Amino acid sequence: MTDRLPGFSTLAVHAGAQPDPTTGARVTPIYQTTSFVFNDADHAASLFGLQAFGNIYTRIGNPTTAVLEERIAALEGGTAALAVASGHAAQVVVLQQLLMPGDEFIAARKLYGGSINQFTHAFKSFGWNVAWADPDDVASFERAVTPRTKAIFIESIANPAGSITDIEAIAEVARKAGVPLIVDNTLATPYLIRPIDHGADIVVHSLTKFLGGHGNSLGGIIVDAGTFDWSKDNKYPMLNEPRPEYHGIRIQETFGNFAFAIACRVLGLRDLGPALSPFNAFMILTGIETLPLRMQKHCENAKAVAEFLAGHPAVASVNYSGLASDKYNKLARKYAPKGAGAVFTFSLRGGYDAGVSLVSKLQLFSHLANVGDTRSLVIHPASTTHSQLDDEAKVRSGAAPDVVRLSIGIEDKEDLIADLEQALSA
Ligand SMILES: *Cc1c(COP(=O)(O)O)cnc(C)c1O
C-alpha cells in the first residue's frame, strides 16, 4: 500500500468493504438476519447502553448496511452516515433530531414534488412548520429566518428543472442563523457535487435514484459532515439533553463529530423504524461500484439530448444547466464541472396537450414517476407529480403545464434522439 489517498472511483468500489472475515467472500454478503447473538450478558448490556459498538437488531444496524453507510460517508466526505428505507424516511429522521413541535425550517421552493407534500402536509401533524424560500434569491432565505428556525433544506441540483443551487451562499445564511444546512444531493450524487465541500452540515439522498442507479431498490441515507456545534445555545435538545433511554448520556458530548449520525440511528431509526432491508443495501452497493462510469454517460447523453431539443421547432425552451445559454450555466460550471446531471425539463409550444401527447408517443422512454435509472424516463409533472399544486405553485416550482421532465439514461444517445424526433413530429 502507498500512502496515496484513494480517488473517487476507487472509493466507489472499495470504501467500507473487505473480504468477509469468516468465509473470505469477496463481495459484501447479504446478512439477511434480524438479530445478532451477544458474546455474554455484559456484552449485551454494553451494546444496549451505547458503551460499545456492535450489532443488536437489524432495525438499528446491519453489517451489509454498514458497508453502504461507510461507503457513502467516504464518497461525500462526511464523518458517518445512516441508511434508511427511503429518501423520504431520511428526511423525517433528520428533522426529528432538529425540530420540536412549534419549530420551523426553511426549505427551497424548488424541490422534488414528494418533498413539497411531505413538508406541507405530513409534517404539519408533527407541529413542524415549513417556510418557503426561493433558491434563486438568497436574500429570501435570510428574510425567512425567525427565532424558531432550526434548519435550512435545499436540493443541490433541484427537481424538476435541474437548476443549480448556490450552496455556498445559502450555507452562509445558515451559518449566520446558527442552524445546519441540509442538502438533498439525490440528483447530483457525490460524483458531480459534494455539498459538504461547499458548507453543508448534513447531506441526504434518495438512494433509489442514481446511487442505486438501476431502478430496482428503494433506499435513503443521511450523511453527517461532523462540522456543526450542536451544543451552542441549547437549541437542539435531542442532541444536548441527557437521554433517559440511555442512562442519561448526552449524544453530542459522548459522540463528538459524528453525534448527528448517532442521534439519527439511536433516537430516530430505532424509534421510528424505517430500516433499510439488507437486500436493498446489497443492490445499492453493487450499483455504486459503477457510479462514476454511469454518471459520465448520463451527463454526456443528457447534454446531447438537450442540444437536440434546443434546436427543434416544436420546443419552446430547454432548461438544462449544461447548455452554455442556460441561466444556471455559471453555477453549473462552478458546482458541477464534471457534468450538469441528467434530469431536466423542456417546454413545448403546444402547451399542456402537447405534453400529454408527447409522453404517450415516446417508445424507448418509459413514462413513469422516477429518475436516475439506467433507462431513460419521461413524465409530464403538471398532470402527475406536481398535479396537487395550484397553477401558480406549479409555475414557481418549475412544473408549468407545458413542461416535460426527462431523466436521461445510459442507452445510445442516437436512439434517444430518434425516439424524441418521432414523438415530436407525430
Ligand atoms: C425521489 C426523491 C426523494 C424521495 O426519495 P424516495 O426514495 O422516493 O423516498 C427525495 N428527494 C429527491 C430529490 C428525489 O428525487
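Higher on the page you've got the structure.
Below is a summary of the structure that appears in this document. If you're wondering where the values come from, they're calculated on a predicted model, not measured in any experiment. (Residues numbered from 1 in each chain as written. Predicted model: local features only at pLDDT ≥ 70, side-chain atom pairs only at ≥ 80, totals over all residues. Heavy atoms only, no water.)

1. A short note on the nonpolar core
Counting residues in each nonpolar core, the largest one holds 124 residues, and the members touching the most others are L95, L98, L309 and L406. Counting only domains with at least three residues in this core, you end up with domain 1 (31–287) and domain 2 (291–425). L98 has contacts with D103, K150, A151, P180, I182, I202, W230, Y236, L239 and F260, leaving out every residue within four places of it along the chain. (Core = buried A, V, L, I, M, F, W, Y, C linked by side-chain atoms within 4.5 Å. Buried < 20%, exposed > 50% of the residue type's maximum accessible area, 1.4 Å probe, protein only. Domains from an automatic or database assignment. Contact = heavy atoms within 4.5 Å.)

2. Some points on the pairing of strand β9 (residues 220–224)
For β9, the buried fraction is high: 5 of the 5 residues fall into the buried class. On β9, burial covers both faces: G220, I222 and D224 on one face and I221 and V223 on the other are all buried. Sheet topology note: the strand β1 (residues 80–84)/β9 ladder contains 5 bridges and is antiparallel. Across the sheet, A83 pairs through a bridge with I221, a residue of β9. For strand β8 (residues 202–206) and β9, the ladder comprises 5 bridges, and the chain directions are antiparallel. Residue V203 lies in a different strand from β9, and its bridge partner there is V223. (Helix = DSSP H or I, 4+ residues; strand = E, 2+ residues; numbered from the N terminus. Pairing = 2+ DSSP bridges.)

3. Observations regarding the sheet that holds strand β2 (residues 104–108)
Pairing is mixed across the open sheet formed by 7 strands, whose spatial order is β1-β9-β8-β7-β4-β2-β3. With partners counted over all chains shown, the strands left at the sheet margins are β1 and β3 (129–133), one partner each. Between one strand axis and the next, the sheet turns by 20 degrees as a mean value, whatever way the strands run. For β2 and β3, the ladder comprises 5 bridges, and the chain directions are parallel. Paired with A107 across the bridge in β3 is W132. On the sheet, helix α3 (residues 63–76) packs against β1, β8 and β9 and is oriented at approximately 130 degrees with respect to β1. (Axes fitted to C-alpha atoms, helices over the stretch in contact; angles between N-to-C directions.)

4. Some remarks on the sheet that holds strand β13 (residues 377–379)
If you trace the 5 strands from one edge of the open sheet to the other, you get β10-β11-β14-β13-β12, paired in mixed fashion. Each edge of the open sheet is held by one strand with a lone partner, namely β10 (315–319) and β12 (366–367). Here β13 pairs with strand β14 (residues 403–407) via 3 bridges, running antiparallel. Bridge assignment links I379 to a residue of β14, and that residue is R405. Contacts between helix α13 (residues 291–310) and the sheet are confined to β10, β11 (343–348) and β14, with β11 contributing the most and set at about 10 degrees to the helix.

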